[in-house]
Amino acid sequence: MRKLVDLGLQDSTGSDEFDAIASLARDILECPIALISVLGETDQWFKAKCGLDVEIGPRETAFCNYTILSPDLLIVNDAREDVRFKNNPIVVREPNVVFYAGAPISIDGIHNLGTLCVVDTQPRQLTEQQIQHLRGLARATSGLMKAFTSKRQAEIAKLSEMDKGHEVARMANFLKQTASLSGVGGWELVLESQKLTWTDETKIIHDVPLDFVPKLDEAIEFYMPEARPVITKAVENAMATGVGWDLELPILTAQGRNIWVRAVGSPTYRDGVLVSLNGAVQDISERKLNEARLLKSETSARSTAEELRAILDNMEEGVSVFDKDAKLLIWNQKYIDIFEKAPGEVREGVKLRRLLENEKFRGNFDGDIATHLRELFCQLDRNEPSIKQFRTKSGKIIKSTHAPRPGGGWVGTHSDVTVPVLASEHHEHASRHDHLTGLMNRLAFNTWIEKFCEHNTDPNRCLVLLLLDLDKFKHVNDTLGHVVGDKLLQYAATRLQNCVRDEDVVARLGGDEFAVVLECAREESIQIAGIIADNAIRAIGSVLDLNGEKVEIGVSIGICVSPLGKFELDELLTRADFSLYQAKENGRGNYCYHDPSLVDLPSRQSRKNLRVGSAA
């Protein structure tokens, strides 16, 4: 600390020389912040700073603490991932340091007193050329600091003029090396003599020999025609107001190269009189080219994004794109409309779980969210699309297809399929149900009973088939017309449904013929079948008033009781039909069933194996 005080390095006052090196470091390494710092026991002073408005800071939070312990550079590409710095206050809070590259500075080659560093708030990596530039600028800074301390020591020890000249020469050499390293040329115009002087680097930039002697008019002619009025006006304004310039302009070199330069200049006064103009010039063609490429890329990307947005907004389907963390990236208005999302619910970064929770709250999602997500992610991990169909509280039917994206995430397409699905369901229902009564039709009845017998073969269980035929229906239909006949069939179907259990099947096989199928324990089959038959006879056999006409009908029932799977469908129907025939032969309005212990089909003349019952 005493050494720093003696040398005057603890003084936070900067200088043009240090500021120039910091500015070069910022431009060459393309970082928003560049600093030259000196470290004391507890504090860190900034001899130069670009992009950061601070004079002094605590040493304990300084990255430079680590830099001065090393003979070479310290580069931290992303401090948020570095265990040494991720919890550092200047990382987690302002100025939010993410990238850091620093080179140690020493004035004796042994002890590191400070650093030259560049800082960014975004992660990045330096090229090898940028790393070499940083080392070179650090050497120049060390030389400049040596000159600074030498001057301080000269003031204290009253060094001889020879020593001062030697230090100035060393400083000049360092500045020349710095200029060569950074590609920055200097110039000076003495106004009284109109003498223009270029450094070697300026001549290299303009593609002229090193012995070239520039003249003011010739220097202006290097600028492209459209740039000449700009630089001329800047020079005139500086001479009139004392304000310098910093411009980026195109020039044509002596060898016919079209390049871009950064032209910087400012007036110099002596005793209040303007005596000269001084400045620098730097070839920035590569940066300009990169900027042009970036602009073209951004323009292309913007155009592509606009085209994509136009396509999305004009699609008939809703679209949603999620990343690998199930966060929403892209969507269109149709997605919001189809799901009837609330304002503000759909936003970039919202998770799928949150969207599903909102749907569940509105009653549009009745599944388990965790199970749904687990199944979805499993399918996507197998690179398989997931297709789901949802029915909302309002009755809308939505089909969602989630297709996996390369690298994770998925693209969802969502369609309102309410109309075609309902039409298909209606068609399916109509193909399997009687249009007049709404009961299962014969085709559906045959299919159901075949599947039932195929999958239920327990010998202790029975299948009971009841065939029913309306008595006197043909007479009513012929005399009162089909309208009355249809109402009579609907009436009979409703009454019949009220006579059976919830698990029993009722079908209209055609005309005035109905069927009931029930499944029960074998020992209960005859009793249950008789109860249902009695109820049906009582319910249907009554006088009705249809359009002012008094109508009286009845019903005859044939019953077949069989162990499950023992008979084919045709055989079951034949046995039940035979029993129905016997019920009609016995005077109608009653029922007749086979003994379930029989195997052989009885002849129509044999009635000894038939049992007869009635509702009377």
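Residues numbered from 1 in each chain as written. Predicted model: local features only at pLDDT ≥ 70, side-chain atom pairs only at ≥ 80, totals over all residues. Heavy atoms only, no water.

(A) Spotlight on the overall build of the protein chain. A tally of regular secondary structure across the protein chain gives 19 helices and 24 strands. Once local pairs closer than 6 in sequence are excluded, the contacts in the protein chain between residues at least 24 apart make up 54%. For the protein chain, the accessible area works out to roughly 33,400 Å², and carbon and sulfur atoms hold 51% of it. (Helix = DSSP H or I, 4+ residues; strand = E, 2+ residues; numbered from the N terminus. Contact = heavy atoms within 4.5 Å. Areas by Shrake-Rupley, 256 points an atom, 1.4 Å probe, with all protein chains shown as cover.)

(B) Spatial organisation of unusual backbone geometry. Cis rather than trans, the peptide bond between E94 and P95 has omega equal to 5°. Along the chain, the position of P95 falls in the loop between α4 (89–92) and β5 (99–106). Phi is positive for N96, which is not a glycine, with a value near 60°. Mapped onto the secondary structure, N96 falls in the loop between α4 and β5.

(C) Just the pairing of strand β13 (residues 328–331), in detail. Pairing analysis gives 3 bridges linking strand β12 (residues 318–322) to β13, with the strands arranged antiparallel. The partner of V321 across the bridge, within β13, is I330. Linking β12 to β13, which pair antiparallel, is a turn of 5 residues; within it A326 sits at a positive phi near 65°. (Pairing = 2+ DSSP bridges.)

(D) Region of interest: the nonpolar core. The biggest cluster of nonpolar side chains holds 39 residues, and the ones touching the most others in it are L466, L468, L470, L488, F514, I557 and I559. Look past the residues within four positions of F514 in its chain and what remains in contact with it is L439, L466, L467, L468, L470, L489, A492, A493, L496, A507, R508 and L509. (Core = buried A, V, L, I, M, F, W, Y, C linked by side-chain atoms within 4.5 Å. Buried < 20%, exposed > 50% of the residue type's maximum accessible area, 1.4 Å probe, protein only.)

(E) Inspection of the packing of aromatic side chains at higher detail. If you walk through the whole model with that rule in mind, you get 10 aromatic pairs. Pairing W187 with W245 gives two aromatic rings, centres 6.0 Å apart and planes at 20°, and the pair type is stacked. With W187 in strand β7 (residues 184–190) and W245 in strand β9 (residues 245–252), the pair connects residues that are 58 residues apart, well separated along the chain. One aromatic cluster in this structure is built from F63, Y66, F85 and Y100. Positioned above the aromatic ring of W260, the side-chain terminus of K288 is 4.5 Å from the ring centre. Its end group placed over the ring of F339, K341 keeps NZ or CZ at 5.1 Å from the ring centre. (Phe/Tyr/Trp six-rings, centres within 6.5 Å; stacked < 30°, edge-to-face > 60°. Lys NZ or Arg CZ within 6 Å of the ring centre and 35° of its normal.)

(F) Geometry of a negative patch on the surface. Taken together, the side chains of E450, E454, E568 and D570 define an acidic patch exposed on the protein surface. By the element assignment, D570 lies in helix α19 (residues 569–585). (Patch = residues over 30% accessible without salt bridge, like charges linked within 9 Å, V, L, I, M, F, W, Y side chains within 5 Å. Salt bridge = Lys/Arg side-chain N within 4 Å of Asp/Glu carboxyl O. Lys, Arg positive; Asp, Glu negative; His and termini not counted. Charge placed at Lys NZ, Arg CZ, Asp CG, Glu CD.)

(G) Up close: helix α9 (residues 228–241). Helix length check: α9, at 14 residues, gives a terminal C-alpha distance of 20 Å against a target of 20 Å (1.5 Å per residue), a fit within 8%. Taken residue by residue, α9 has I231, A234, V235 and A238 as its buried positions. The buried residues of α9 occupy an angular sector of 95° when projected down its axis, which confines them to one face. Seen from the open side of α9, the exposed residues pointing more than 90 degrees away from its buried face are P229, K233 and A240. Here the buried face of α9 lies against α8 (216–221), β9, β10 (258–270) and β11 (273–283). (Expected span 1.5 Å × (residues − 1). Arc of directions from axis to C-beta.)

(H) Looking closely at the environment of Q130. With respect to the element layout, Q130 can be found in helix α5 (residues 128–157). In sequence terms Q130 and I28 are 102 residues apart; their C-alpha atoms lie 7.1 Å from each other. When neighbours within four sequence positions are excluded, Q130 is seen to be in contact with I28, L29, E30, R124 and Q125. Here the side chain of Q130 touches T127 through a polar contact of 3.0 Å, landing on its backbone nitrogen. (Polar contact = N/O pair within 3.5 Å; in protein donor to acceptor, adjacent residues only side chain to side chain.)

(I) Here's a closer look at the state of the cysteines. With the rule as written, the count across this model stands at 0 disulfides. Residue C117 stays outside any disulfide, its sulfur separated by 4.4 Å from that of C64, the closest cysteine. (Disulfide = S-S within 2.5 Å.)

(J) Just the sheet that holds strand β3 (residues 56–58), in detail. A sheet is described by the order of its strands in space; here 6 strands give the open sequence β3-β2-β1-β6-β5-β4, paired in antiparallel fashion. Single-partner strands in this sheet number two, and they are β3 and β4 (74–76). Sheet twist, expressed as the average angle between the axes of neighbouring strands with direction ignored, equals 25°. Direction of pairing for strand β1 (residues 33–39) relative to strand β2 (residues 43–50): antiparallel, over a ladder of 6 bridges. Its bridge partner being in β2, V38 is matched across the sheet by W45. Against the sheet, helix α2 (residues 16–29) makes contact with β1, β2 and β6 (112–120), and its axis sits at roughly 70° relative to β2, the strand it touches most. (Axes fitted to C-alpha atoms, helices over the stretch in contact; angles between N-to-C directions.)

(K) Quick look at the packing of helix α15 (residues 442–455) against α19. Packing of α15 against α19 brings their axes to within 10 Å, and their N-to-C directions diverge by 115°. Judged by the angle between their axes, α15 and α19 are roughly perpendicular. Mapping the contact onto sequence places R442, F445, N446, I449, E450 and C453 in α15 and L569, L572 and L573 in α19. Split by residue class, the contact of α15 with α19 holds 6 nonpolar, 1 polar and 2 charged. (Parallel < 35°, antiparallel > 145°, perpendicular 65-115°, else oblique. Nonpolar A, V, L, I, M, F, W, Y, C, P; charged D, E, K, R; others polar.)

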